[in-house]
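# Topology and contacts: notes
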Amino acid sequence: MPELFNVQTPAAAWRLFLRHLPIRITTATIEVAAALDRVLAETVIAPHDLPSFARSTVDGYAVLAADTFGASASLPAYLSVIGETAMGQAASLAIDSGACTIVHTGGMIPPGADAVVMVEHTERVQPPRALAVTAGHTPSAFPHTIEVLRPLAPGQNVIQVGEDVRQGEIVLAAGRRLRPADLGGLLAVGITQVTVAQPPRVAILSQGDEVVPPTQTPGPGQIRDINSYTLAALTRRAGAEPILMGVAPDQLGALSALARQAFAQADVVVISAGSSVSVRDMTAEVIAALGQPGILVHGLSVRPGKPTILAVCDGKPVFGLPGNPVSAMVIFDLVVAPTLRLLQGEEGPPRRIVMARLARPIASVTGREDYVPVRLEQRGNERWAVPVFGKSNLIYTLLQADGTVRVALDSNGIGEAEWVEVLQ
């Protein structure tokens, strides 16, 4: 078997790949309610202040803070309750010194008031005085008096106008993948439509005479297709749209025909299996025929996943991934997922990282990056990462893992109890 050609470090391979990859982002304007996990293509500016009126954060009484200075349980401040601000309505009563009104959480603060005393910090000392009932009139519970048992500072228990966001400020910047809270923030300022990146279409093609659909019982020497479905799930997680092309046999003509079909239908092509160099492996030949400049990298100095192909063919990224499930998933996270995020204009950290102490040492060799699956355990007050060692064709190695630990290119391993970053 000839050696892999053009083996490069992941960093060098990525730089070379980016130099040849044109970033074309297509956009669409959609309803905010349907925009979860989509990437913003345009920065959103607040059209008005939020909140647009001063609001109470508690149930209690809107007061002038100066009226409560020095108040205590033994020497309370006495205030006259002159009315109530109903929820969803404008405050109609102005507050002067010595007066207050009932307010509710989220309700509007009346003019003149600058703080809200919690109802738990008051006592009613004069029962409501019901006025005489006459035809067409309702008894009134006001005025009455309360004791305020604690002092307040100006602004206490009040959300000021524009405290959440000011008119003209950036609500969300372009490149942000929208979370549930983001949708709420947009709707809160009346933005009901946003311009987002269209998800790239990713054609996923598996290869091998031995590979059969998951619904089929494998015969002697056969295995079920795992990669198509795990790579499709990773594609969705990266915000893209997978297109399952099926399994091509180990025949150059059949593989070429299916690859050309995938190339015509999608923005990105991923071929799993057949990326190593042997008599039977034809992926490199097929990819090279799809367009220019063609294959840029064939072989990465990583484990697992050394026989990886990075290519750009007539402006489209094409990847050849190893056939082993663990290798395919590791390499997808390493190069395919970042490409899909670039094609959506996504900014920010792509994956969640947690810190943990390594439960047992990991051996490595310099000149190669290692990605080791780990299981996370809580031991007392510390999180520990337990390596899950196994061959790259054993999918259950990843099923037992909560993430992976990267061993750097220039490292010969990581010692027991050292702190590591776990990519999830």
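How each quantity is defined
- Residues numbered from 1 in each chain as written.
- Predicted model: local features only at pLDDT ≥ 70, side-chain atom pairs only at ≥ 80, totals over all residues.
- Heavy atoms only, no water.
- pLDDT = per-residue confidence, 0-100.
- Contact = heavy atoms within 4.5 Å.
- Pairing = 2+ DSSP bridges.
- Helix = DSSP H or I, 4+ residues; strand = E, 2+ residues; numbered from the N terminus.
- Axes fitted to C-alpha atoms, helices over the stretch in contact; angles between N-to-C directions.
- Patch = residues over 30% accessible without salt bridge, like charges linked within 9 Å, V, L, I, M, F, W, Y side chains within 5 Å.
- Areas by Shrake-Rupley, 256 points an atom, 1.4 Å probe, with all protein chains shown as cover.
- Salt bridge = Lys/Arg side-chain N within 4 Å of Asp/Glu carboxyl O.
- Buried < 20%, exposed > 50% of the residue type's maximum accessible area, 1.4 Å probe, protein only.
- Arc of directions from axis to C-beta.

Now for the confidence of the model for the protein. When pLDDT is averaged along the protein, the result is 90, and 91% of the positions lie at 70 or above. Every residue in residues 129–139 scores below 50 in pLDDT, and together they form nine contacts with partners more than four places removed in sequence or on other chains.

Reading across the sheet, the six strands line up as S16-S13-S17-S21-S20-S18 and stay open at both edges, with mixed pairing between neighbours. Pairing within the sheet leaves two strands with one partner each, and these edge strands are strand S16 (241–248) and strand S18 (293–298). Averaged over all pairs of adjacent strands, the angle between strand axes in this sheet comes to 15°, irrespective of strand direction. Here S18 runs beside strand S20 (residues 309–313); their pairing, made up of five bridges, is antiparallel. Along S20, the bridge assignment pairs His 298 with Ile 309. Together, S18, S20 and strand S21 (316–321) form the strand contacts of helix H1 (residues 10–20), whose direction differs from that of S18 by roughly 170°.

To continue, consider a nonpolar patch on the surface. Where nonpolar side chains cluster on the molecular surface, the patch consists of Ile 353, Met 355 and Trp 419 and spans about 310 Å² of accessible area. With respect to the secondary-structure elements, Met 355 resides in strand S22 (residues 353–358).

Moving on, we get to the sheet that holds strand S7 (residues 115–118). One open sheet accounts for six strands, arranged S7-S4-S6-S5-S9-S8; its pairing is mixed. Each of the sheet's edge strands pairs with one partner strand only, and the pair in question is S7 and strand S8 (122–124). Each strand axis lies, on average, 40° off the axis of its neighbour in the sheet, ignoring direction. Of the pairings in the sheet, the one linking strand S5 (residues 77–84) to strand S6 (residues 99–103) comprises four bridges and is parallel in character. Bridge assignment links Glu 84 to a residue of S6, and that residue is Ile 102.

With that out of the way, let us pick up the pairing of strand S12 (residues 193–197). In terms of residue burial, S12 counts as a mostly covered element, since four of its five residues are buried. Of the strand pairs in this sheet, strand S1 (residues 27–31) and S12 are connected by five bridges, and their pairing is antiparallel. Residue pairing in the sheet places Thr 29 in a bridge with Thr 195 of S12.

A turn of α-helix holds 3.6 residues, and therefore any two residues three or four places apart point the same way. Inspection of H1 places Pro 10, Ala 13, Leu 16 and Phe 17 among the buried residues, and these make up the whole buried set. Here the buried residues of H1 occupy an arc of 130° about the axis, which is enough to place them on one side. Residues of H1 that are exposed and point over 90 degrees away from its buried face: Arg 15 and Arg 19. Of the surrounding elements, those touching the buried residues of H1 are S18, strand S19 (302–303), S20, S21, helix H6 (325–342) and strand S24 (369–379).

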